[in-house]
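Structure at a glance
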Amino acid sequence: MTLEEAARSCLLRFRHRLEQDIKPTYLMDHMISDGVISVEEEEKIRTQPTRKDQAVALLELLLKKDNHAYISFYNSLVKEAYHDLANMLYDDLPQISPNANKNSSDDCTSYVQMVLSEGGVPQRPVVFVSRPELLNRVREKLYRLKNEPGWVTVFGMAGSGKSVLAAEAVRHHGVIEDCFTGGIHWLSIGQLEKPDLLVKIQSLCFRLEQNLDSLSLHRPPNSLDEAKERLRFLMLRRYPRSLLILDDIWDSTVLKVFDIQCRILLTTRNRSLTDSVSGAKYEVEVESGLDENKGLEILALYTKTKIQGLPKEARSIVRECKGSPLVVSLIGALLKEKPNRWDYYLRQLRQKQFKRIRKSSSYDYDALDQAMAASIEVLPDDHRELYKDLTVLEKDIKIPAKVLSVLWDLEPEEVEDILEEFVNKSLLFVDSHNKPFLYYLHDLQLDFLVEQNRTQLESLHSKVVHQYQQHYKDGPPFSGDEECLYWIRFLTYHMAKANLSQELYSLMFSLDWVSTKAQIMGPAHLINDYVEYGPILDKENCEVRSQFQEFLSLNGHQLEQRPFPDVVQLALSQPPTSEVYRQALLQAQKRTSTGKLYFHWLNKSSVENLSLLVIHPHQGSIYSACFSNNGAKIATCGAGKTLKVFKSTSGEKLTEIQAHDDEVLCCAFSSDDSLLATCSSDRKVKVWNVERAMLLRVFADEHEEQVNHCQFTNMRRQLLLATCSNDKFLNVKVWNLNKPSSQNTMFGHFEPVNHCCFSPDDTYLSTSSNDGTVKLFQVSSANEWKTINVSSMFTEGDDVALVKCSTWTADGKQIICAARNAVLVFDVETSDMLLEIRTNRLSTVQYCHACPTNNLLAIAFSNYAVELWDLEANKKMADCSGHLSWVHRVQFSSDGSQLLSCSDDQTVRLWETKKVHTTSAVCLKRDSDVLFNDGEITVSAADNCNRLQVRDGRTGSVLFQSEEKSSRIRCTCMCRQLSALALGQEDGTIQVLEVPSGKLLATLLGHNKTVLHCQFGQNGQTLITSSEDTTIRVWRWQSGESRVLQGHKEQVRCFSLLSNTKLLSWSYDGTVKVWSIESGEKLQDIEAHLGAILSCHVSPDGCFFVTTSADKTAKLWCSESWQCVHTMSGHQDCVRSCRFSWDSRRLATGDDNGEIRLWSVKDGSLLKICSRDGKDALDSLHGGWVTDLHFSPDNSLLVSTGGYIKWWDVEQGKALQTFYPTGSALKRIHVSPDFSTFVTIDSIGILYILQRVV
């Protein structure tokens, strides 16, 4: 692209003047920055002997360059204050794009207008002043995005015209045709909370999908993570070579949602926002002030006068406005209606002495105050009062006219007319991309209003609240539109500002409000309300505030689910003394009269709960989480490659960083909380500024394998970072952040190092390795001080015991190591082992951390558990139950009051350590038996210490507890006639105990493998057992005699009694067999399924039985002919459970995908499919396998267990209620004969006695 002829002529025409005046060395710095001349060319010009010779050489070079060079030269003159010279070149500034015409309006073809209209790009304002130099700079940067994704940032102060400039830059045929053939898509952002941002992106995704075809339409994304992935797919796959314009970005965390490797133009006041995102970046600064001529041009356009015809006051007004486009526009709008008031408005600007709002602000507050006052004074009196009401708005919040219709008690149409007047006078702004339109004040206007009405703020906010209460007497809005969102989000804010304490108590201590706001806004907003307004609420009742906040903190992850859960049912799981429970019970009792189902958790008070908060931060496993040292923040990282920071009080996300190119394995705060370090499988170590979410250092070259762990020193006097990796030799390094390479490398380990940890005083660094040792290095010298051979403490097996981690006690005298299924405590000075904590052989220790303020030790396990131990007493104090997969990391807060844990289940949990009780360390196994007897509920189950417990179901109190058994208890049953119970063990032994004395009545030996099921006969004299050894045994347990039923080829997990004399058994071998209990004779042998039989049930009338199988079918059999009557196909996974209705007319089956099907026994036809609605994309239909099913006595209801408990309307196949346990994977549910009480145990050992609310 050669230099345009007009520009060439201009340079030649003014060549002599330019040679006389310019200093080329200053100008060339800017031109090199713009990339239009090279360093070599600059050096050649600098070698000229005099300044004038340099100027001559520069102009000679310019005449050989292109349009870009001319524009850069012009801009350099402006920046170096050669305004008179720049003005000479201005009229001949070239357009930069190919095929461009000088008149920008020529580029607004119908094609351009169509593209911009479809993408939501704003129209040109009525009063439009061209700024070609800025326009060319923006377009030049946009052309840089032609062949690669990246960011163009247009930045400047408020009111400087950034948005108009961005829209004008793309209003050009060449730009669209050459660079963005996929279209232009505009999104107005502003200062948004997460829910509002999600709504914006949902709207954009809908618009993009709608432009494709109807088949492309999906449900709106439910989270920002999901929205980001959806937008990434649309922009990269469906709209390649398109431009996304983000208008008015304030926050880097918002910007990172759009870090999706596409082409983005953004407008902002903050130049550094793009520091937090990846990709190519270009900037254009919009100068804060208009020059005098541009200001006069604006006034001329408003008053429809030529610049030469403006009165003498015009120039003075522009000077008084100090170049602010916003202020000039305000005065111009006034003069448009009152063109004879030039002198009046000039006097207003000069004479009004309004108080400065922020003297240090970069805004021109003097000019704005004066212009604002002048603008408001011309309003009619009644409209001036209405405008005053806008003082209560929050900054950068856009509201629909319907909110003001409520506030002003006017018809919406009348409100729209008034707002249009405000907009026309530049007193209000309108976002016309939304339907209905949204209105907002510029923050300078709002600051002015607040200052003017400071003494009336309380009464203005009171008016908002009282108008809302009048309009919504029957309850809050629930439509989900913009009006509804405003009231639900900001009602508490207005009440607090109005000092309406009683109204705030009534609202926030209401379960109805919690339900409404959680459903519309999500739980984080609510938790923040209780934190923010806690001081006000605590004056009324701090205990009730705490109860509501705790309810939300522990159930927030449930309240984010869709379909939205029943909040009343969730609240019924709160302690009976809680106000949350009291309100829930009242509502449940009221709703049961209309057919709703609700359930008390009867034994809730017996369950110790240390849980404080549950956060669901990532899609994917969370490998590391840590507290900031002041306890206010939590950082998390994991498989999703991101680093996230949250408030520890509410779980609100503060920061999200795309941190690495692979899984992020560890994160750690510095001692002053200003820095965060991360390390990754990508072999890199990175250090981030926490507040700005900005990358400060990358250490990428020294570790050659994945970096497993990182930790800063504990003391502020020296800031060092330690890292360890899977490298064979150079696997432990210490870094000084002021140096580009590591300060020291610790030698000694020749296998991967999993963990490193500074001693409390930073004297030593401990390292834990796959070589079975923990080494202690002196930090100052990097020399090895001593080695502790942890592996030698394990005598079993020949393999080296890998050491997962180590942690120091607070006094630095002991070091604690995790290896295999044990935690070992060593004396640092002598290396002697002081204590060994051995755990279940079925799980390994993943991590451990010693509390910095007391004797507690937290241990994380692969079997989903977190345990708290008292090191001094060598005693387990608590189980922190709740995680549903491997727990990777635990850490105490610096004051020891809280513990966090993170897991493969994608959650971070906070635990309150001051609630530690020994009883909370006891949990039950899922294999259980229950007796219902005249309102009494008796439960028997093994506990995690392998003792058999019998509990009172109503109180949870322990009625009987056996001594610890040497072999694992796998099944239990209670005798309904005698005070006895039986237990089957993994070694094949069966014991019968007297209850409650615990006396051993019988030991039955015969099975040689695990006993899987046991059941007393109807008279209590007979005990029947089945085993992994493929046999069934019928015992006369008091004498020890047994009859062996032998014939199955694989394990027999269960059986049923057909009568007092016949027994039905089924097995993984695919067969069903019928036996004579008396003789042991095999009466029938049926090859039922090709796959393993997983369940079987006999109809209540005895005419049929059903079998279900891993072959995805269920079969109905006749009990007389033993023939298959119907084969029921359709399940897409293993059919795990089955149950006949009590009238034997219906059959329910459940599969491993969570689907339940209802069948007709008469003809085998499918009646209903349950669970189709509300499937979570990351979960099965039922939260897991459907493991058990029961019909109510009247056959109208069905209860099922899986990941949670669901109750169904049999006729309609619709879910009536869901109970979410703390754990998952419910194995069985015991149901009382009247269908009022339900008993089950979850995967983490919590017992649930649920009773229907009546």
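Everything numeric in this text was worked out from a predicted model, so none of it was measured.

Below, the discussion takes up the nonpolar core. Ranked by size, the top nonpolar core spans 91 residues in total, and within it Tyr 387, Leu 390, Trp 408, Leu 419, Phe 422 and Phe 551 carry the most contacts. A per-element tally of this core places helix H25 (residues 482-497) first, with 10 residues.

Note: strand S40 (residues 948-952) against strand S41 (residues 958-961), three bridges, orientation antiparallel. Residue pairing in the sheet places Arg 951 in a bridge with Val 958 of S41. Taken together, S40 and the strand that follows it, S41, pair antiparallel across an intervening segment of five residues, in which Gly 956 is found at a positive phi of about 80°.

In the numbering used here, UniProt assigns the feature "repeat: WD" (unreviewed entry) to residues 657-698, 746-787, 880-921, 1004-1045, 1045-1085, 1086-1127 and 1128-1169. Spanning residues 1045-1085, this segment combines 0% helix with 51% strand, and its end C-alpha atoms are found 12 Å apart. What you have in residues 1128-1169 is 0% helix and 52% strand, and the ends, taken at the C-alpha atoms, are 13 Å apart.

Throughout the structure, instances matching the rule amount to 49 salt bridges. When the shortest N-O distance is used, the salt bridge between Glu 168 and Arg 171 registers 2.7 Å. The residues Glu 168 and Arg 171 share a single accessibility class, namely buried. Ionic pairing is found between Lys 388 and Glu 385, a salt bridge with its closest N-O pair at 3.6 Å. Within this pair, Lys 388 and its partner Glu 385 are both found in helix H20 (residues 381-389), separated by three residues, close to a single helical turn. By relative accessible area, Glu 385 is classed as partly exposed at 44%. In the salt-bridge network here, residues are joined through shared partners; they are Asp 225, Lys 644, Lys 653 and Glu 656.

Take a nonpolar patch on the surface next. A cluster of nonpolar side chains, Phe 729, Leu 730, Phe 747 and Phe 750, forms an exposed patch at the surface whose accessible area comes to about 440 Å². Structurally, Phe 750 is set in the loop between strand S22 (744-746) and strand S23 (753-758).

One can find Ser 188 in strand S2 (residues 184-190). Taking the relative accessible area as the measure of exposure, Ser 188 reaches 10% and is therefore buried. Only 3.2 Å separates the side chain of Ser 188 from the side chain of Trp 186, close enough to count as a polar contact.

This part is about helix H15 (residues 292-303). Helix length check: H15 (12 residues) gives 17 Å between terminal C-alpha atoms against 16 Å at 1.5 Å per residue, within 8%. Once H15 finishes, Lys 304 follows within two positions and takes phi at roughly 55°, a positive value.

Right, let's talk about the side chain of Ser 1065 for a bit. With respect to the secondary-structure elements, Ser 1065 resides in strand S51 (residues 1062-1066). Classification of Ser 1065 by relative accessible area gives buried; the value is 0%. Polar contacts involving the side chain of Ser 1065 include one to the side chain of Trp 1075, which spans 2.8 Å. In contact with Ser 1065, other than residues within four places in its own chain, are Ile 1032, His 1048, Val 1052, Cys 1054, Phe 1055, Thr 1071, Val 1072, Lys 1073 and Trp 1075.

What follows covers the sheet that holds strand S6 (residues 399-400). Taken together, three strands build an open sheet; the order of strands is S6-S8-S7 and the sheet is antiparallel. If you trace the sheet from one side to the other, it starts and ends with S6 and strand S7 (429-431), each paired once. For S7 and strand S8 (residues 438-440), the ladder comprises three bridges, and the chain directions are antiparallel. The partner of Phe 429 across the bridge, within S8, is Tyr 440.

On to the sheet that holds strand S21 (residues 732-736). Read from one edge to the other, the open sheet built from four strands follows the order S19-S20-S21-S22, with strand pairing classed as antiparallel. Each edge of the open sheet carries a strand with a single partner, namely strand S19 (707-712) and S22. Shown here is a sheet whose adjacent strand axes are inclined to one another by a mean of 20°, direction ignored. As judged from the five bridges shared by S19 and strand S20 (residues 720-725), these two strands associate in the antiparallel manner. By the bridge assignment for S20, Cys 710 is matched with Thr 723.

For the rest of this paragraph, the subject is the pairing of S40. Counting buried positions along S40 yields four of five residues, so the element is predominantly enclosed. In the sheet, strand S39 (residues 936-943) pairs with S40 via five bridges, with the strands oriented antiparallel. Across the sheet, residue Ala 941 finds its bridge partner in S40, namely Gln 949.

Moving on, we come to the packing of aromatic side chains. To describe a pair of aromatic rings, one takes the distance between the centres and the angle between the planes. Following the criterion strictly, the structure yields 24 aromatic pairs and no others. Between Tyr 530 and Phe 548 the ring centres are 6.2 Å apart and the planes differ by 10°, which places this aromatic pair in the stacked class. In this pair, Tyr 530 is assigned in helix H28 (residues 523-532) and Phe 548 in helix H29 (residues 534-559), connecting sequence segments 18 residues apart. Between Phe 699 and Trp 735, the aromatic rings sit 4.4 Å apart at their centres with planes inclined by 25°, giving stacked as the arrangement. Of this pair, Phe 699 sits in strand S18 (residues 694-699) while Trp 735 sits in strand S21, and the two are 36 residues apart along the sequence. Looking at Phe 699, the relative accessible area reads 3%, which means it is buried. Its relative accessible area of 1% is what places Trp 735 among the buried residues.

Before going further, it helps to spend a moment on the environment of Lys 1168. By the element assignment, Lys 1168 lies in strand S61 (residues 1166-1170). Sequence-wise, Lys 1168 and Gly 1213 are 45 residues apart; in three dimensions their C-alpha atoms are separated by 5.8 Å. Leave out the neighbours within four places in its chain, and Lys 1168 touches Ile 1156, Arg 1157, Leu 1158, Val 1210, Glu 1211, Gln 1212 and Gly 1213.

Where like charges cluster on the molecular surface, the negative patch consists of Asp 409, Glu 411, Glu 413, Glu 414, Glu 416, Asp 417 and Glu 420. By secondary structure assignment, the location of Glu 416 is in helix H22 (residues 412-424). The exposure class assigned to Glu 416 is partly exposed, which follows from its relative accessible area of 40%.

With their axes 8 Å apart at the nearest point, helix H21 (residues 401-408) and helix H24 (residues 457-471) run at an angle of 95° to one another. Overall, the two elements H21 and H24 adopt an arrangement that is roughly perpendicular. Mapping the contact onto sequence places Val 406, Leu 407 and Trp 408 in H21 and Lys 463, Val 464, Gln 467, Tyr 468 and His 471 in H24. In the contact of H21 with H24, the residues fall into five nonpolar, two polar and one charged.

Calculation notes
Residues numbered from 1 in each chain as written. Predicted model: local features only at pLDDT ≥ 70, side-chain atom pairs only at ≥ 80, totals over all residues. Heavy atoms only, no water. Core = buried A, V, L, I, M, F, W, Y, C linked by side-chain atoms within 4.5 Å. Buried < 20%, exposed > 50% of the residue type's maximum accessible area, 1.4 Å probe, protein only. Helix = DSSP H or I, 4+ residues; strand = E, 2+ residues; numbered from the N terminus. Pairing = 2+ DSSP bridges. UniProt positions renumbered as here; feature names shortened; annotations may be inferred. Salt bridge = Lys/Arg side-chain N within 4 Å of Asp/Glu carboxyl O. Patch = residues over 30% accessible without salt bridge, like charges linked within 9 Å, V, L, I, M, F, W, Y side chains within 5 Å. Areas by Shrake-Rupley, 256 points an atom, 1.4 Å probe, with all protein chains shown as cover. Polar contact = N/O pair within 3.5 Å; in protein donor to acceptor, adjacent residues only side chain to side chain. Expected span 1.5 Å × (residues − 1). Contact = heavy atoms within 4.5 Å. Axes fitted to C-alpha atoms, helices over the stretch in contact; angles between N-to-C directions. Phe/Tyr/Trp six-rings, centres within 6.5 Å; stacked < 30°, edge-to-face > 60°. Lys, Arg positive; Asp, Glu negative; His and termini not counted. Charge placed at Lys NZ, Arg CZ, Asp CG, Glu CD. Parallel < 35°, antiparallel > 145°, perpendicular 65-115°, else oblique. Nonpolar A, V, L, I, M, F, W, Y, C, P; charged D, E, K, R; others polar.

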